[in-house]
Amino acid sequence: MTIPSLSIGDFKIFWLNGGNFKLDGGTMFGAVPKVLWERRCVADAANRLAFCNDVLLVRTPEKNIIIDTGLGNKLTAKQLKIFQVSTPWSLIDDLAQLGLTQQDIDFVLLTHCDFDHAGGIVMHDLEGNEQLTFPNATHYVQQKEWEDVEQPCRRAQSTYWPENFNLLKQQGILKIVVGDIEVVSGIRLRHTGGHTRGHQLIEINSQGETAVHLGDLFPTHAHNNPLWIMAYDNFPLEVIDRKEEYFKQYSRNNSWFTFYHDPDIKACKLDEHNGITHTWPAAE
Ligand SMILES: [Zn+2]
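Just so it is clear, the structure is predicted and the values come from calculations on it, not from any experiment. (Residues numbered from 1 in each chain as written. Predicted model: local features only at pLDDT ≥ 70, side-chain atom pairs only at ≥ 80, totals over all residues.)

(A) Here's a closer look at the overall build of the protein chain. A tally of regular secondary structure across the protein chain gives eight helices and 16 strands. For 284 residues, the compact-globule formula gives about 19 Å, and the C-alpha radius of gyration of the protein chain, at 18 Å, lands near that figure. Reported as C-alpha extents along the three principal axes, the dimensions of the protein chain are approximately 50 × 45 × 40 Å. Counting across all 284 residues of the protein chain, residues that qualify as buried make up 42%. Pairs at least 24 residues apart make up 68% of the contacts formed inside the protein chain by residues separated by at least 6 positions. (Helix = DSSP H or I, 4+ residues; strand = E, 2+ residues; numbered from the N terminus. Rg over C-alpha atoms; globule rule 2.2 N^0.38 Å. Buried ≥ 20, exposed ≤ 12 C-beta atoms within 10 Å, placed from the backbone. Contact = placed C-beta atoms within 7 Å.)

Structure representation (C-alpha cells):
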C-alpha cells in the first residue's frame with residue numbers, strides 16, 4: 001500500500017500504520033448527541049466507530065522524527081479483541097518501504113502517554129523480548145505527563161501501562177521538557193494540557209509553510225467544532241479553550257492540521273469559522 005505523504009517546505013510528513021481499532025462512538029464525541037455525530041461518522045451495530053492510530057514520520061533534510069508510536073505489537077489476544085484491532089501495527093514494515101530502519105529515527109515526540117499513542121515505544125522482538133523500538137532516538141515528553149506516568153491517578157492507571165515506559169527509564173534516552181521548546185530547527189513542541197495534564201502539540205515549519213499536530217485535541221476532521229470533544233479528555237473546558245486558540249492562530253497562517261485517529265482524512269485546513277476548506281487527501 002502506498003504510504004500517504006504531504007510536503008511542508010523542505011520537510012515531508014508520512015502517515016505510517018500504527019494499528020486500527022474501534023472505540024465507542026459516544027466516548028469519542030463526549031456530550032454531542034448521536035443524531036449529530038452520526039452525520040459525520042457511521043457506527044457499527046454495537047455503536048463503535050473505526051479509528052486508525054497513524055504514526056507521523058517527519059523527514060527533514062537531516063533528521064527523521066516520529067510523532068507518537070501507535071498501538072505497538074505487545075497487545076494480548078484479549079486486548080486485541082477488546083479494542084477490535086482490525087489492522088495490526090506495521091511501523092517497521094512501513095519504515096522499510098521508505099528505505100528506513102528503526103535505527104534511523106533520531107527523535108520520538110510523544111503528544112501524551114495513553115496506550116494508543118505510547119504502545120509502540122517498546123516492542124516485542126521475534127523471541128517475544130521487550131526492546132526499544134527506536135534505540136537511537138531521544139524521546140520527548142512533557143514533565144507533567146511524565147509525573148503522571150510515574151504516579152498515575154485512578155483514571156490514568158488503565159491507560160498508562162508500565163510496560164510502555166520501563167525501558168525508557170533504564171536507557172537514559174528520555175528527555176523531559178517543560179513548556180515550549182524547539183527540538184531542531186523547524187520542529188517545535190508546545191505544552192497544551194487539556195486531554196491530559198502534560199499533553200503537547202508539535203509544530204512543523206519549513207520555508208514559510210506550517211503543519212500542526214494537535215494530537216488528541218483534534219483527533220479527526222469531524223472534531224472541527226471546538227465543542228466536539230472526547231469523553232476521554234481529563235480537562236474538557238481546557239480542551240475547548242485550546243482548540244479555539246489554536247484553530248484561530250494556525251488557520252491565520254494557512255497551516256495544515258494533521259490527524260492521528262482519522263481513518264480517511266490525514267490533514268485539513270480551516271477557515272476563520274472553523275469550517276474545513278481543504279483536506280488531504282483532497283475530497284473527490
Ligand atoms: Zn488517542
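(B) Expanded view of the pairing of strand β3 (residues 48-59). Counting buried residues in β3 gives nine out of 12 residues, a clear majority hidden from the surface. A loop of four residues connects β3 with strand β4 (residues 64-67), the two strands running antiparallel in sequence. (Pairing = 2+ DSSP bridges.)

(C) Expanded view of the nonpolar core. Counting residues in each nonpolar core, the largest one holds 71 residues, and the members touching the most others are Val58, Ile66, Val108, Leu109 and Phe257. Discounting chain neighbours no more than four positions away, the residues touching Val58 are Phe11, Ile13, Ile65, Ile67, Ile187 and Ile204. (Core = buried A, V, L, I, M, F, W, Y, C linked by C-beta atoms within 7 Å.)

(D) Looking closely at unusual backbone geometry. With an omega dihedral of -5°, the bond running from Trp280 to Pro281 counts as a cis peptide bond. Checked against the element boundaries, Pro281 lands in the segment after β16 (276-280). Positioned with a positive phi, Asp68 is a non-glycine residue whose angle comes to about 60°. With respect to the element layout, Asp68 can be found in the loop between β4 and α3 (77-82). With 27 C-beta atoms counted inside 10 Å, the residue Asp68 sits in the buried group.

(E) Representation of helix α8 (residues 236-252) within the structure. Taking 1.5 Å of rise per residue, the 17 residues of α8 would be expected to cover 24 Å, and the 24 Å separating its terminal C-alpha atoms lies within 8% of that figure. Looking at α8, one finds that the buried residues are Val239, Arg242, Lys243, Tyr246, Phe247 and Tyr250. On an axial view of α8, the arc spanned by its buried residues comes to 130°, and they lie on one face. Across α8 from its buried face, at more than 90 degrees, point the exposed residues Leu237, Glu245, Gln249 and Arg252. Elements in contact with the buried residues of α8: β13 (209-213), β14 (256-258) and β15 (267-270). Asn254 lies just past α8 and shows a positive phi near 65°. (Expected span 1.5 Å × (residues − 1). Arc of directions from axis to C-beta.)

(F) Geometry of the sheet that holds strand β2 (residues 11-24). As summarised here, the arrangement of the seven strands in space is β1-β2-β3-β4-β5-β8-β9, forming an open sheet in which the pairing is mixed. Lying at the two open borders of the sheet, with one neighbouring strand each, are β1 (5-8) and β9 (174-177). Averaged over all neighbouring strand pairs, the angle between strand axes comes to 25°, with direction disregarded. Sheet topology note: the strand β8 (residues 138-142)/β9 ladder contains four bridges and is parallel. Looking across to β9, one finds that His139 is bridged to Leu174. Most of the contacts of helix α6 (residues 143-150) go to β8, to which it runs at about 90°, and overall it touches β8 and β9. (Axes fitted to C-alpha atoms, helices over the stretch in contact; angles between N-to-C directions.)

(G) Molecular detail of the sheet that holds strand β10 (residues 181-184). Here seven strands make up an open sheet; going across it, the order is β10-β11-β12-β13-β14-β15-β16 and the pairing mixed. Unpaired on one side and paired on the other, β10 and β16 mark the two borders of the sheet. On average, adjacent strands in this sheet sit at an angle of 25° to one another, irrespective of strand direction. Sheet topology places β14 next to β15; two bridges connect them, and they run antiparallel. Bridged to Thr258 within β15 is Ala267.

(H) Structural context of α6. Considered for burial, the residues of α6 that qualify are Glu145, Trp146, Asp148 and Val149. Take α6 and look down its axis: the buried residues cluster within an arc of 160°, on one side only. The secondary structure elements touched by the buried residues of α6 are β8 and β9.

(I) Local environment of the pairing of β1. In terms of strand pairing, β1 meets β2 through four bridges, oriented antiparallel. Directly across from Ser7, in β2, lies its bridge partner Lys12. Taking the residues between adjacent antiparallel strands as the criterion, β1 and β2 are bridged by two residues, where Gly9 takes a positive phi near 55°.

(J) Spatial organisation of the environment of Leu214. Of note, Leu214 is situated in the loop between β13 and α8. A count of 28 C-beta atoms within 10 Å places Leu214 in the buried class. In the structure, Leu214 is positioned 45 residues away from Phe259 in sequence and 7.7 Å away in space, judged by C-alpha atoms. Here Leu214 is in contact with Leu201, Tyr246 and Phe257, once residues within four sequence places are set aside.

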